[in-house]
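Coordinate inspection notes
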Amino acid sequence: MGTRYSRRSASGSYEYHDSKESVRAAQQEEDSASRSFFFGFIGLIAGGVSSYVLIQQFGGAELPKALRFAIVIAGGAGTAWLLARLADLIWFTIMSVLALAVLWLIGSAIWEVV
């Protein structure tokens, strides 16, 4: 009889796994889904607002209201899809920049002291 590993998922249910690697993979998948939702929501808002601003700026006020509405919805949905797909890459880039900034600050402090 082997060792069983369990973890509580974000939905509140318990999952049982046969290895620690499986538990880690499930946690990473859940984290990735969470980041995808967050960046997708940000993309929906940012894409919709930027589509609206671009329509207003480039004389789209003469277009029919239904077409303007469709353009704003399509812009928001497209940006949400793109950011949700690139969520892990965006997160990695943000964390890398933060890590480099911390290292730069530590290096600058050491440089000034020496």
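Above this text is the structure in question.
Notes on the structure follow. (Residues numbered from 1 in each chain as written. Predicted model: local features only at pLDDT ≥ 70, side-chain atom pairs only at ≥ 80, totals over all residues. Heavy atoms only, no water.)

**Remarks on helix H2 (residues 65-85)**
A rise of 1.5 Å per residue sets the reference length of H2, with its 21 residues, at 30 Å; its end C-alpha atoms lie 30 Å apart and thus fit the reference within 8%. Regarding H2, the residues found buried are Gly 75, Gly 76 and Ala 80. All buried residues of H2 lie within an arc of 125° about the axis, which places them on one face of the element. Looking at H2, the residues exposed on the side facing more than 90 degrees away from the buried face are Ala 66, Trp 81 and Arg 85. (Helix = DSSP H or I, 4+ residues; strand = E, 2+ residues; numbered from the N terminus. Expected span 1.5 Å × (residues − 1). Buried < 20%, exposed > 50% of the residue type's maximum accessible area, 1.4 Å probe, protein only. Arc of directions from axis to C-beta.)

**Re a nonpolar patch on the surface**
Taken together, the side chains of Phe 37, Phe 38, Phe 41, Ile 42, Leu 44, Ile 45, Val 49, Tyr 52 and Val 53 define a hydrophobic patch exposed on the protein surface, amounting to about 910 Å² of accessible area. Looking at where Tyr 52 falls in the secondary structure, it is placed in helix H1 (residues 20-57). (Patch = residues over 30% accessible without salt bridge, like charges linked within 9 Å, V, L, I, M, F, W, Y side chains within 5 Å. Areas by Shrake-Rupley, 256 points an atom, 1.4 Å probe, with all protein chains shown as cover. Salt bridge = Lys/Arg side-chain N within 4 Å of Asp/Glu carboxyl O.)

**So, the pattern of salt bridges**
On inspection of all chains with the given rule, the structure shows one salt bridge. We note a salt bridge from Arg 35 to Asp 88, for which the minimum N-O separation is 3.3 Å. With a gap of 53 residues between them, Arg 35 in helix H1 and Asp 88 in helix H3 (residues 87-113) connect regions that are remote in the sequence. Since its relative accessible area comes to 37%, Asp 88 is described here as partly exposed.

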